[in-house]
Amino acid sequence: QVQLVESGGGLVQTGGSLRLSCVASGLTFSSYSMAWFRQAPGKEREFVGAISRRGDLTYYGDSVKGRFTISRDNAKSTVYLQMNSLKSEDTADYYCAASTRSTRATMSPDTIDYWGKGTLVTVSS
């Protein structure tokens, strides 16, 4: 059974930082492109970042470029999302995702094979 378990969410002030982690089990982690998506109340799920199987290629959503960094550790079956300079509009549930598709294709939620249950990030002013 495949599981993606996120952690690291919480309450942070505007301008602060958080690092999310997602531990994968039940799959060959290094065979999957990994991504982070987020969903705020009343809004559609939004692409945040994606990383290739070897970690040598990354993509970011326009709203987080220059502030967020996605990385992975295949030995630990873990993908990370470092979030800096947080804004109130970053408040959302953040979801880890795994896909057998290319990293670029993983930018679309339609290509995702597995989803985590999410972790809540709240940015207060």
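Our structure's up above, just so we're on the same page.
Analysis parameters
- Once a new chain begins, its residue numbering starts again from 1 and follows that chain's sequence as written.
- Thresholds applied to this predicted model are a pLDDT of at least 70 for local features of residues and 80 or more for the giving and counting of side-chain atom pairs; totals over whole chains, interfaces and linings are not thresholded and use all residues.
- Note: side-chain values were computed over all heavy atoms of the structure, leaving out hydrogens and water.
- Where helices and strands are cited, they refer to DSSP runs of H or I of at least four residues and of E of at least two residues respectively, numbered from the N terminus.
- Here the radius of gyration uses the C-alpha set of atoms, whereas the globule reference equals 2.2 Å times the residue count to the power 0.38.
- Three labels apply to residues, based on accessible area from a 1.4 Å probe with only protein chains included: buried if under 20% of the type maximum, exposed if over 50%, partly exposed otherwise in between.
- When DSSP finds two or more bridges between a pair of strands, those strands are recorded as paired.

Observations concerning the overall build of the chain
The helix and strand inventory of the chain stands at zero helices and 11 strands. Reading the helices (α) and strands (β) of the chain from amino to carboxyl end gives β-β-β-β-β-β-β-β-β-β-β. Here the chain has a C-alpha radius of gyration of 13 Å; the compact-globule value for 125 residues is 14 Å, and the two agree. Along the first, second and third principal axes, the C-alpha atoms of the chain reach 40 × 25 × 25 Å. Going through the 125 residues of the chain one by one, you find that 45% of them count as buried.

Considerations on the pairing of strand β4 (residues 33–39)
For β4, a buried count of six out of seven residues is recorded, marking the element as mostly surrounded by other parts of the structure. Alignment of β4 against strand β9 (residues 92–99), held across seven bridges, turns out to be antiparallel. Bridge pairing in β9 places M34 opposite A98. Note: β4 against strand β5 (residues 46–51), five bridges, orientation antiparallel. Each residue of the ladder has a partner; that of F37, found in β5, is F47. Here β4 folds back onto β5, and the loop between the two strands holds six residues, one of which, G42, carries a positive phi near 80 degrees.

A word on the pairing of strand β1 (residues 3–7)
Side chains L4 and E6 of β1 all project onto a buried face; the interleaved residues Q3, V5 and S7 project onto a face where none is buried. Direction of pairing for β1 relative to strand β3 (residues 18–25): antiparallel, over a ladder of five bridges. Along β3, the bridge assignment pairs S7 with S21.

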